[in-house]
Amino acid sequence: MFSALNNFGNVWIRDSSLFPETAIVKELSRHEFPQEIIDKVDPSHQKLYTDLLLASHSKQSKHKVFGTDVKVDLDSLPTSAVDETEFYKYSERLDFAVSRDAISRLYQALTLGKDIKVQPEWIKLFYECWKDNEAECRDMEVTLNFRCEEGELVDTTVLKVSSPLVRTDYGNGTVILTSRSLLLLKTGCQVESVVEIARLSSISKLVVENVTIVLKPVQCLRVYAGSSVKPINIFLEAESRTWDILLRELIGGKIISTNMRDLFLMEQASQNVLLLDALVQSSKSVDSVCFHSKDVSMAVDLLSHYAKEETKQKLLIACSATRETLLYRLNPNADELDTVTVECIIYVPGVSSTSSRTSTLSPRMSLTSSRFEANVNIPPTVWCGMGNGKIRIFDASSWRLYPRYVQAVDRVVSLSYTCKRIWAGSFDNLIYVIENNPLALEFQTLDQHTDYVVDIQNDPSSSEHVFSGAINGSIIQWDANQLEVLREFHCTNSILTSFRVISHKEIWCCCKDSLVKIDINGTRHSLLYYVDERDSRRYIDTFCIVDDYIWAGCSDIGRVVVWSKTDEVRKAILPLDTRGVSQMVSIGSSLYLGCKSAYTKRRSITNAIINSPDTSSKSRLYVVDAKNFTVTEELSAHNDTIRCMFAVKDQYLLTGSSGTEGKIAIWKHHQNSEKVNE
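Thresholds, definitions, all that
Residues numbered from 1 in each chain as written. Predicted model: local features only at pLDDT ≥ 70, side-chain atom pairs only at ≥ 80, totals over all residues. Heavy atoms only, no water. Helix = DSSP H or I, 4+ residues; strand = E, 2+ residues; numbered from the N terminus. Buried < 20%, exposed > 50% of the residue type's maximum accessible area, 1.4 Å probe, protein only. Areas by Shrake-Rupley, 256 points an atom, 1.4 Å probe, with all protein chains shown as cover. Salt bridge = Lys/Arg side-chain N within 4 Å of Asp/Glu carboxyl O. Phe/Tyr/Trp six-rings, centres within 6.5 Å; stacked < 30°, edge-to-face > 60°. Lys NZ or Arg CZ within 6 Å of the ring centre and 35° of its normal. Pairing = 2+ DSSP bridges. Core = buried A, V, L, I, M, F, W, Y, C linked by side-chain atoms within 4.5 Å. Contact = heavy atoms within 4.5 Å. Axes fitted to C-alpha atoms, helices over the stretch in contact; angles between N-to-C directions.

Asker: Help me understand the overall build of the protein in this model?
Answerer: Tallying secondary structure elements over the protein gives 13 helices and 42 strands in all. Looking at the protein as a whole, 52% of its 678 residues are labelled buried. With an accessible surface of roughly 31100 Å², the protein has 47% of that area assigned to carbon and sulfur atoms.

Rendered as structure tokens:
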């Protein structure tokens with residue numbers, strides 16, 4: 001195997017057209033840990049196979065990675081004019097965009113906002129320009145990988161390549177726009193070299209001007225980078241305006257992505273740059289039949305997004321406490337056309353092959369490294385149960401979203417980890433028991449429940465036991481190793497939404513409008529509920545037990561009720577400025593309260609007034625001192641209801657939001673006492 005890979009590596013160096021890319025990817029993908037095989041190949045070929053493997057796992061693997069052949073998939077193109085709904089289907093098939101909003105903007109740009117359909121000729125020409133640029137960029141990525149140092153271009157995507165002989169202040173050559181910087185591949189010397197013109201983060205100003213050279217006006221793109229008052233001149237001539245458009249969109253995405261701590265926004269901005277380039281190029285074609293060629297400036301304005309949003313500063317985080325506490329935002333809906341709710345979330349430590357210790361999540365871990373450490377067989381991961389029944393997984397050392405997932409029949413609303421397995425409860429009445437191997441995802445199903453599985457909890461008295469609960473009140477104790485039922489009991493006459501196991505004599509159940517304490521035989525011992533000043537019994541969405549107190553969040557009003565666990569006397573009521581409390585979790589002496597987003601009134605298709613999430617109003621995350629019953633901090637990062645929360649030891653907090661946004665936020669936790677001392 002290793003000898004064959006070395007031989008094929010030599011073939012690639014001599015003649016890339018003879019390189020059997022498909023066969024090698026297929027062979028490597030058969031192995032559980034293909035990177036271990038690559039690491040044993042000759043060092044001069046390791047980067048080639050690593051890049052090839054990564055490309056095969058990305059969305060770009062749908063197209064040819066090496067070579068410049070452009071093959072238009074005629075079967076995926078429409079044969080008649082399409083409206084916006086049909087355009088969504090063809091765009092997804094042709095891999096134009098990664099979100100419904102981006103496709104909608106593209107449709108408006110192609111039609112210039114007119115109430116007309118998109119003709120098949122327009123889509124075909126746009127697609128050809130898209131594929132032409134894609135082929136050029138893929139070839140340039142291969143060239144750069146051989147010209148640059150190891151690791152210099154990790155996670156860098158080429159988005160635009162200029163003509164070969166462009167004059168710049170750094171010399172002549174090919175100008176390259178990547179997702180991180182502007183590069184110059186210098187020509188005219190014995191050995192081609194790559195020079196960084198400017199990083200996106202350092203560019204402060206862009207100007208397109210006419211410069212006279214030898215009595216001839218030449219269009220020039222002037223780039224102001226860093227603190228320098230002297231611009232960098234790039235003589236792109238007729239292409240200067242296009243590069244100015246692309247750079248502004250990418251820089252806008254970079255600023256918003258950095259400010260929002262959202263790693264995926266930069267990918268979306270890069271995708272939008274590719275759309276903008278294809279839009280402009282299709283309008284310039286000699287035989288262009290596209291409607292948007294009548295007013296290219298308007299089409300560009302309709303498609304541009306991040307350049308405008310950065311100017312408006314609508315997407316920037318205004319709250320200083322949020323900026324200090326929020327580490328990253330992740331998007332488990334990254335490769336979905338429509339966003340769905342993050343129903344549940346869990347962190348699973350990595351497993352080391354050289355010791356019994358496990359790797360843990362750290363903010364200092366690389367956000368770009370694509371390889372696992374040599375001593376780690378399974379990296380730390382974050383598992384997400386989604387509203388569409390998918391269980392998506394992030395590598396917590398690089399924040400890459402694994403392409404593979406487990407698909408349940410209905411939404412997955414609970415996750416737990418024990419005995420090296422992940423237990424997932426679904427509304428299809430099944431429990432999915434998944435082996436902790438994101439590359440294999442082998443699982444079994446348990447069908448003993450006859451209703452929605454709403455919660456799964458570990459047994460605090462035994463790591464080999466697991467409890468699962470269904471909405472009909474049925475609770476099952478499992479042998480986590482043998483996957484056998486040990487006993488079944490019921491929280492009778494109640495709609496069960498969640499439960500907590502303190503001991504076999506004390507199991508607290510959240511039952512819609514009350515908290516019920518039962519034992520492992522199902523015998524009821526206590527009943528707690530909250531009646532407001534109007535003598536109305538309030539629904540309870542979530543609860544948490546911290547030391548000797550029980551905290552309950554009201555579903556339809558901004559209040560948290562606190563009872564003593566020993567005598568069950570109400571101790572406090574915390575009023576909050578929110579529509580309701582949806583989740584809560586404790587870390588040390590702090591309690592985090594996830595809240596619901598505000599509602600806005602709108603009219604439905606039938607003209608009826610309905611409530612929908614107000615995306616302009618962020619849902620709040622309150623930090624409470626559990627000892628003093630006081631709110632110490634108010635944070636905001638989600639544009640929809642916080643649907644799930646998970647504490648990673650005493651260091652981090654994970655929060656997931658509902659379907660309008662469908663994202664995950666990672667927060668760092670700091671002790672209130674430490675904050676006071678500072």
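Asker: Explain the pattern of salt bridges to me, please; I cannot follow it from the model alone.
Answerer: Opposite charge on two side chains makes pairing possible when the charged atoms of those side chains draw close. For the structure on display, the rule yields 28 salt bridges. A salt bridge links Lys284 to Glu239; the nearest nitrogen and oxygen atoms lie 3.3 Å apart. Here the residue Lys284 occupies a position in helix H9 (residues 263-284), and Glu239 occupies one in the loop between strand E8 (232-235) and helix H8 (240-260), the gap between them amounting to 45 residues. Lys284 gets classed as partly exposed once you look at its relative accessible area, which sits at 40%. Taken together, the shared-partner salt bridges in this structure form one network comprising Lys160, Glu239, Asp277 and Lys284.

Asker: How do you make sense of the environment of Asp577 when you look at a structure like this?
Answerer: Its place among the elements puts Asp577 in the loop between strand E33 (570-575) and strand E34 (581-587). Distance from Asp577 to Ile557, taken between C-alpha atoms, is 9.0 Å for residues 20 residues apart in sequence.

Asker: Would you mind showing me how to read the packing of aromatic side chains here?
Answerer: Working definition: an aromatic ring pair is given by the centre-to-centre distance plus the angle between the planes. This model, assessed by the stated rule, comprises twelve aromatic pairs. Note on Trp551 and Phe629: the rings are 5.5 Å apart at their centroids and 55 degrees apart in plane angle, and the pair reads as tilted. Pair noted here: Trp551 is in strand E31 (residues 549-554) and Phe629 is in the loop between strand E38 (619-625) and strand E39 (630-638), with a separation of 78 residues, a long-range link. These aromatic residues form a ring-pair network of at least three members: Phe96, Phe126, Tyr127 and Trp130. It is Arg100 that lies over the ring of Tyr88; its NZ or CZ is 4.3 Å from the centre. For the cation-ring pair, Arg500 lies above Phe543, with the distance from its terminal atom to the ring centre recorded as 5.3 Å.

Asker: Please explain the pairing of strand E23 (residues 465-470) as it appears in this structure.
Answerer: Side chains on a regular strand alternate between the two faces of the sheet. Judged by how many residues are buried, E23 sits mostly within the fold: five of six residues are covered. As paired elements, strand E22 (residues 453-458) and E23 share five bridges and run antiparallel to each other. Within the sheet, the bridge partner assigned to Asn458 lies in E23 and is Val466. Connecting E22 to the next strand, E23, in antiparallel fashion are six residues. The pairing of E23 with strand E24 (residues 474-479) spans five bridges and is antiparallel. Looking across to E24, one finds that Gly469 is bridged to Ile475.

Asker: Would you take a moment to explain the nonpolar core for this structure?
Answerer: With 81 residues, the main nonpolar core has Phe87, Phe96, Phe126, Val175, Leu177, Leu182 and Val223 as its most contacted residues. For this core, the element with the highest residue contribution is H9, accounting for ten residues. Each residue touching Val175, except ones within four places of it in the same chain, is listed here: Lys160, Val161, Ser162, Val166, Thr168, Leu182, Leu183, Leu184, Ile197, Ile234, Leu236 and Trp243. One finds Tyr328, Leu330, Val340 and Phe394 within the second-largest nonpolar core, a separate group that totals 19 residues.

Asker: Would you take a moment to explain the sheet that holds strand E28 (residues 515-518) for this structure?
Answerer: Adjacent strands of a sheet pair through backbone hydrogen bonds, lying either parallel or antiparallel. The four strands are arranged E26-E27-E28-E29 in an open sheet whose pairing can be described as antiparallel. Where the open sheet ends on each side, the last strands, each with one partner, are strand E26 (498-503) and strand E29 (524-528). Averaged over all pairs of adjacent strands, the angle between their axes in this sheet comes to 20 degrees, without regard to strand direction. Sheet topology places E26 next to strand E27 (residues 506-510); five bridges connect them, and they run antiparallel. Bridged to Phe499 within E27 is Cys509.

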